Each structure stands twice: as structure tokens, then as C-alpha cells.
Amino acid sequence: MTNWSKTGIFDVSKKLSMKLRLLSLIAVVLSTSAHAASRFHDFVRVQGDQLVEDGRPFRFIGWNIPNLLLVEDNLRFGDATTNGWRLPDRFEMTDALATARQMGGTVVRTYALSVRGPQDESGVPRHVLAPGRLSKDAFRSLDQLLKLANDQGVRLIIPLVDNWPWWGGRADCAAFRGKGKDDFWSDPQLIADFKKTIRAVLTRTNTLTGVRYADDKAILCWETGNELECPHAWTREIAAYIKSLDTNHLVMDGRRGYELHEESLAMPEVDIVTSHHYPHNKHPFARMIRDNAARAKGRKAYVVGEFGFTDTRSMTEALQATVETQTAGALVWSLRARNRDGGFYWHSEPTGGNLYKSFHWPGSPIADAYDETALMTVLRQQAFAIRALPVPEIPVPAPPRLLPIRDVAGISWQGSPGATGYQVERAASKDGRWTVVGENVDECLTQGRPLFDDEAAPAGRCFYRVSAQNAAGRSNPSNVVGPVTVAHVTLVDELADFSRLHARVGELEIESHDCRSALEDAHRAGGQADSALVYQTGSRVLGAKVCAFFPKELADLKFSVSADGVTFRPAAARRDDYPAVAGAYQYWQRASYHLPAAAASDRFVKIEFTGEAQISRVEIQRVPGEP
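Caption draft 1: The arrangement of the side chain of aspartate 602 in detail. Here aspartate 602 shows up in the loop between strand 30 (589-595) and strand 31 (604-608). Using a relative accessible area of 0% as the deciding quantity, one classes aspartate 602 as buried. When neighbours within four sequence positions are excluded, aspartate 602 is seen to be in contact with Ser539, Arg540, Val541, Val561, Ser562, Ala563 and Arg569.

See below:
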């Protein structure tokens, strides 16, 4: 018995050892395969004042894409709070990188790694939870980003900490120890904490590829931080520490400023110097870029890390200065990718002069005020010019993905890079016959809301599909969604203009400023007491919903209905309130109003202002089958 047991134990042990070796071999093969799948053959290196790849000069014009790391713009009118935070998903990251590639970009810059702070609401995602402790979810998302960057051939510049509080930075790192934000530069404990976090990041092994971050060729460089107001001694210490852990990647000095610092240019631990340019700087962008390039010549590789919030001529001159000097690259602020729920993410900023917003490729008439389409064309031309390549034709868009449809007033899809519009089709059967119900639909027209309303849908059941288009042609159709039951149709007015109104009363105007305060809604109908909007429907009113913002204080809206558009009678509406939110963006107080079904003969709805308000969206449900 004893001998049999020993033999059995030996056999089991031997089999277990063989299985472990096999699993280890599989892991190595998978890791090697994932690593081999990268489009990159080598790391970007520095040679004198130039970046090189595979021994050849490496130059680029690209984008800052903050939402690659963390989405802060998932703003929905009906949400109880204005917590717009969530991690990007695979579609959003793929769309951002594919867009950068189509525009000629080979490099994008993320925003800084986010840090949990004492002010964060429960459930808000952050990358750094404590010194050296990383969020599993946030870094699995970064794992996905790095895999996609390798797949698509786009390199990343990743700042390690933020100077600012937008999503957690040095102040929150200091708060872990109960200290102030300026202690971050000199306190030995805080410096040790930051090094602990750096070690955790650089030595992390990607859960999807098996490649350590320090060995990942998709990373162009580590930036010490974003717009840091730090002593040069701190930069030297941190840069040296990064290099002690990672001998593959370059280090960029993330110090704030539009002029290069002599100390940065003389610092042996730093490989790349950078500058940021905005209208509040005292000199034109192009002049400063040329001056900086001259100072860096023969000493350091130079990258324009951020520039924006100015007219197309100034941006074009800055791009030309980048191309004509030895400047390694330039990154425009900022591009936002598509939203997984349809349309794009939008972002306005306090320093954008109440005009400039995030950009969306290939541009839309909705952004004509800041000349988006023309600028995007120039950027694409210069992105190929800096690489000495001809500008290729923009390809036919890929088929979009139609999202589930619960109401024919709420049709959305995940769009395609390079698409300028979409065609929506409806059929009574999933096999056709298809009827076009929406032509050249602009996915930029709405923000955080459905992209298309099929107000002409007949009662019963129907199916939908959508295709993308641009000057090169039309994509194949999307997936088919349906059957969708149509019990009502909806008059939807986004208030981009007054074309949907039957009548208007008093002083009204379309408001397109202060969009961040209005949850990025790009256009609202602003009015005062004694102003009114009047709508007419072709059939019985089955209910209505009105969304409104109140920049100062709540000034309740009043509602009335009518059969003839002349004699109106009051109608009671339920009001749902959403409080104003303090903080960096000062979100306005908002409310939604819900009107019940009217009498069978009612065809008109009047919305009256009792004080200052901005109406964001009107939805009036009616019986289908009539115009």
C-alpha cells in the first residue's frame, strides 16, 4: 500500500509538473504572438536633436485625445448627477486611434493618469487609488488601449501625473498623506509615494498581450506630467528614476510653459522637451515654435505638446513652423472620439473663449463658428507633409453599427471614421423592401441624445438599418434592428433653429455659448418672461417632454394646449428637478417637464417662459399615421 501510494503521488506530481510546463509554454507563445502582432519593429529613440525609428527620422502631427484614458464627458440630461465619468470601451478607443490614423497621425497624447481624491463620488473610476496601488479596471482599460495602439500603429505619449485637479493630480497624491499640493515637489514621503506609483505602472504586465509596459513599443515616451509647475531638481530625480526602471522608452519633461527652459535643455536625464501654446501666451504660436526649435537645435528633441483655441490661420502657421524646423512633432488640443451610445463626446473648456470645443473628424457645419472642417483638412495635409508623404484619398467609410431601438424617436448608431453623414432606412420586413427615411444625417447635431427621429413611421412594426457616406461613396448597410413596435411617433426639436415651430412669441434667440454649463448642449432656445414657443402636430397629442436649463434661478415653464391654435387652455405638467452643480464647470440647474395626453382634438402645444430659461429639447408624442 505504501509503495503504491508513493508511486501514485509521483505520477500525479509528474503530470502536474508537465501541465504547469505546458501552461507556461502556452503563456509564452501567447505573449510572443501578441508582441509579434505589433506593427512596430523598434522603440522610438533619440539621436541628437531628432527622434528616430528604425534608424530613420520620426516626425508627426497628431492629437491630444484625453478620453483615451478616461471619459469625463458622458453627460446626460436625465441623470440625477452630472457625474460624466466612465472608462472608454474598445469601440471608443478603436474609433479614436483609427481616426488619428486616417488623419495622418502616428502619435497621440493621452491625458495624465487620474488619481482618486477625497472629493470623488462613489463609483468614479480613477487609475491611481493610493501610492503604488492601481485600479484593476482602469489599467485593464489601458491594457486594451496599448494592444489597440500596437494593432493600429499609433504611438502614445503618456503623462504620469497632472498639475491640475480636473481628474486628480498632484494635490490628490499629496492628500493621501494629508499634505498640500506644493509638498508634492519636495516632501520625501510624497516623492517616494510617486516613485512607488511609477514603479507599479512601468513594471505592469499587460493582461491582454503579456508585455510589460516598460517593453511596449506602442509607448513613444513617458512624460513626467502634464503642465507641471515643478522645480527642475524634481524633474531630474523623477526622470532618472524612470530610466532606472525602463531603458527602452524616452522621457519627456512635462514642465509647464510656452518657452523652453535652459535647465531642461541641459538636463541629461530628459530626452524630449515640450511647450504648450494658447492665446493667453504673449507671442504668436508660430514665432514661439520657431524660437523654441532654434534653442533646442543640436541639444534636445522638441515636441509641441499642446496648442489650440485660436483661428485657422494661426493654427496653420504653427503647423508650418513645425514642419519647416527640426521640431519632431506637434499635438493639437483636442480630439474627442465617438460615444459608444451614438454620436460624439463633446467638451468645452473655460479657456476656450466660450467658442472653441473639442474637434471631431471630418468636421461638421455645427462647428462652423470655429472653422472646424477647414482646420481638419489643413491638419491632415500637414500630418502627411511632415512625413514627406502624399495625402491619400479618404476611403469609403466602414459600415456603422446600429444600436438597439426602443422608440423610433431614439435611433442611434456607432459611427465610422471619415463619415460626413448617414442614410437611415426603414422596412416592414428584415429582408426589405427598404425606404430611405433619413438622408445625410449629421451625427454631430445632437449631444448626449439620440441621433435620429423617424417621425413618419407608420403604426405597427418596422425594421431599420443605416449606412455611412462621404465623398468617396457609401458604406454597406449596418446590421438590421427590429422589429420595432410603433405605438406613437414624436416631434423632436433640438432647437438648432426655429424651423420646427408653428409660432413664437416675444424675445427668443438660439443660444450657443456656455455649452459646458448646459451639459454640452450646443444650441438652446433662450427666452424671458412673456416669451413662448408654439408647436403644431398633425394628430392627437399623446404627451410631451421638455428639457430646460436655468442659468440663474428656476423660472417655471407653463404649458397649454389647443385644438385650433387660437384658444389655449392650461395643461398641468410634472416637473423633475436636477440641482445646479458647483465646481470647475458650474453646471446650471435643470428640469424636465412631462405633459400627459391631451384631448382627442388637441393639436397645438404652447410652452411659456416666466423668467430667464433656455429650452434644450422638446419632444411631443402623437398618434402615428398623419403628417
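Caption draft 2: Geometry of the side chain of threonine 224. Within the secondary structure, threonine 224 is located in the loop between strand 9 (219-223) and helix 6 (232-245). Among the residues examined, threonine 224 registers a relative accessible area of 0% and is labelled buried. Filtering out sequence-adjacent residues up to four positions away, threonine 224 remains in contact with Leu160, Val161, Phe194, Trp234, Thr235, Ile238, Val251, Met252, Asp253 and Gly254.

Caption draft 3: Summary view of the sheet that holds strand 3 (residues 56-57). Taken in spatial order, the three strands line up as 1-2-3 in an open sheet, and their pairing is antiparallel. The strands lining the two open edges of the sheet, one partner per strand, are strand 1 (45-47) and strand 3. Pairing of strand 1 with strand 2 (residues 50-53), which is carried by three bridges, proceeds in the antiparallel orientation. Within strand 2, the position partnered with glutamine 47 by the bridge is glutamine 50.

Caption draft 4: Spotlight on the packing of helix 5 (residues 188-202) against helix 6. Following both chains from N to C, one finds helix 5 and helix 6 inclined at 30°, their axes separated by 10 Å at the closest point. In terms of orientation, helix 5 lies roughly parallel with respect to helix 6. For the pair helix 5 and helix 6, the sense of crossing is right-handed. Each of Ile191, Phe194, Lys195, Ile198, Arg199 and Leu202 in helix 5 lies in contact with helix 6, whose residues at this interface are Trp234, Glu237, Ile238, Tyr241, Ile242 and Leu245. Split by residue class, the contact of helix 5 with helix 6 holds nine nonpolar, no polar and three charged.

Caption draft 5: Structural view of the nonpolar core. Within the largest apolar cluster, 92 residues are counted, with the highest numbers of intra-cluster contacts made by Trp63, Ile198, Trp222, Trp234, Phe307 and Leu379. Among the elements that line this core, the one with the most residues is helix 3 (residues 136-152), at seven residues. Discounting chain neighbours no more than four positions away, the residues touching tryptophan 63 are Met103, Val107, Val108, Arg109, Leu331, Val332, Ser334, Leu335, Phe359, Met376 and Leu379. Membership of the second largest hydrophobic core comes to 27 residues, among which are Leu491, Ala525, Ala544 and Val605.

Caption draft 6: Focus on the sheet that holds strand 27 (residues 558-562). The five strands lie next to each other as 22-25-31-27-28, forming an open sheet whose pairing is antiparallel. With one partner strand each, in any of the chains shown, strand 22 (503-505) and strand 28 (569-571) form the two edges of the open sheet. Between one strand axis and the next, the sheet turns through 25° on average, direction left out of account. In terms of strand pairing, strand 27 meets strand 28 through three bridges, oriented antiparallel. When the bridges of strand 28 are listed, phenylalanine 559 appears paired with alanine 571.

Conventions adopted
- Numbering of residues begins from 1 in every chain and follows the order in which that chain's sequence is written.
- The predicted origin of the model limits local features to residues at a pLDDT of at least 70 and limits the giving and counting of side-chain atom pairs to 80 or more, whereas totals for whole chains, interfaces and linings rest on all residues.
- Hydrogens and water are ignored here; the side-chain numbers use all heavy atoms of the structure.
- Only DSSP runs of H or I with at least four residues qualify as helices, and only runs of E with at least two residues qualify as strands; both kinds are numbered from the N terminus onward.
- Accessible area is worked out with a 1.4 Å probe on protein chains only. A residue is then buried under 20% of its type maximum, exposed over 50%, and partly exposed in between.
- The contact rule is simple, with two residues in contact once any of their heavy atoms fall within 4.5 Å.
- For two strands to count as paired, DSSP must find a minimum of two bridges between them.
- Structural elements are reduced to axes, namely lines fitted to C-alpha atoms, with helices fitted over the stretch in contact, and the angle between N-to-C directions of any two is expressed from 0 to 180 degrees.
- For classification purposes, angles smaller than 35 degrees are called roughly parallel, those larger than 145 roughly antiparallel, those between 65 and 115 roughly perpendicular, and all remaining angles oblique.
- Each crossing gets its hand from how the near helix is turned against the far one by less than a right angle, where anticlockwise is left-handed and clockwise is right-handed.
- As a working rule, the residues Ala, Val, Leu, Ile, Met, Phe, Trp, Tyr, Cys and Pro are called nonpolar, Asp, Glu, Lys and Arg charged, and the rest polar, with Gly in that last group.
- In these notes, a set of buried Ala, Val, Leu, Ile, Met, Phe, Trp, Tyr and Cys residues joined through side-chain atoms within 4.5 Å is what counts as a nonpolar core.

By themselves, these figures tell us nothing about what the structure is for.
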